[in-house]
Amino acid sequence: FVELLQPTGDDGAGKRFLDRKGEAPYMLIFETKGFDCLLAHLKSLDVRITGERQGPETKAAFIHPSSANGAFLEIIEVTTPDNTWPAGGPDWAKSKPLTRQLRQAAVLVKDLDQATQRWGEMFGIQPTKRFQVSFTDLEIAIMPLGDGETFIELAQPTSNGTTSARFLEKYGEGIYLTIYQIEDSLAMDAHLEGLDARYTTSRKTANYTGTAFNSIWIHPGYMKGAFTQLSQVLDPANP
């Protein structure tokens, strides 16, 4: 799911974030089957917990960005088997999304070694692949979550003057990019072109570099501050 949030007061954390950073990705939410154990583990690591709530259907806690390389996190457990969380609403099954799934969330960090160690300690996840991307000047660690179908991507700029380095200098560490998996990049290109979408990079731009994916990068200015990548997997053997 994607949540779109609008602050309703002048003194909440969401409003302060909006004033400081503008429209942008705000929070990542992780579902767990062992909330009590995970929360106790996080507290043993002195992870800063900013709030906890336990209701009849869910347990939840919030992790302060200072403990997760600038990423505001929520962990949640659904405690009743008949509870569908989050509620998609009666019409969700009628929708026809052009994306297959939200595949990755990228967090921009200053020290990739420190960040992978920290996320590994907190959540028991380990990088399965680490590599450098020359055309974006990023070193990246891919850390699969429990289902093996979604990933946290930790990324460190490897040079100055790039978009990611400027982002890091201006805003600090935090959520940088969301990546959606799509089935047909040509159809998506045509669809977005009809909407006059603002691209950062695609096969239509001079700076595009082909990989094992056909990818489209949509400018944050078109996506409510969310830097967005849409990728079609070309090689079925590519994990």
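### Thoughts on a nonpolar patch on the surface
Piece 1. A cluster of nonpolar side chains, Val2, Leu4 and Leu102, forms an exposed patch at the surface whose accessible area comes to about 320 Å².
Piece 2. Mapped onto the elements of the fold, leucine 4 is located in the segment before helix H1 (13-21).

### As for the side chain of glutamine 104
Piece 1. Along the chain, glutamine 104 falls in strand S5 (residues 101-108).
Piece 2. Assessed through its relative accessible area of 12%, glutamine 104 is described here as buried.
Piece 3. Polar side-chain contacts of glutamine 104 include one of 3.5 Å to the side chain of arginine 103.
Piece 4. If we skip the residues at most four places from it in the chain, glutamine 104 touches Ile142, Phe151, Glu153, Leu177, Thr178 and Ile179.

### Quick word on the sheet that holds strand S3 (residues 58-63)
Piece 1. Taken in spatial order, the four strands line up as S1-S4-S3-S2 in an open sheet, and their pairing is mixed. The two strands at the open ends of the sheet, each matched to only one other strand, are strand S1 (27-31) and strand S2 (49-54). Going from strand to strand, the sheet's axes swing by 15° on average, the running direction of each strand aside.
Piece 2. Where S1 lies against strand S4 (residues 72-78), five bridges are found, and the strand directions are parallel. Residue pairing for S4: leucine 28 is matched across the bridge by leucine 73.

Cut-off values and rules
Residues numbered from 1 in each chain as written. Predicted model: local features only at pLDDT ≥ 70, side-chain atom pairs only at ≥ 80, totals over all residues. Heavy atoms only, no water. Patch = residues over 30% accessible without salt bridge, like charges linked within 9 Å, V, L, I, M, F, W, Y side chains within 5 Å. Areas by Shrake-Rupley, 256 points an atom, 1.4 Å probe, with all protein chains shown as cover. Salt bridge = Lys/Arg side-chain N within 4 Å of Asp/Glu carboxyl O. Helix = DSSP H or I, 4+ residues; strand = E, 2+ residues; numbered from the N terminus. Buried < 20%, exposed > 50% of the residue type's maximum accessible area, 1.4 Å probe, protein only. Polar contact = N/O pair within 3.5 Å; in protein donor to acceptor, adjacent residues only side chain to side chain. Contact = heavy atoms within 4.5 Å. Pairing = 2+ DSSP bridges. Axes fitted to C-alpha atoms, helices over the stretch in contact; angles between N-to-C directions.

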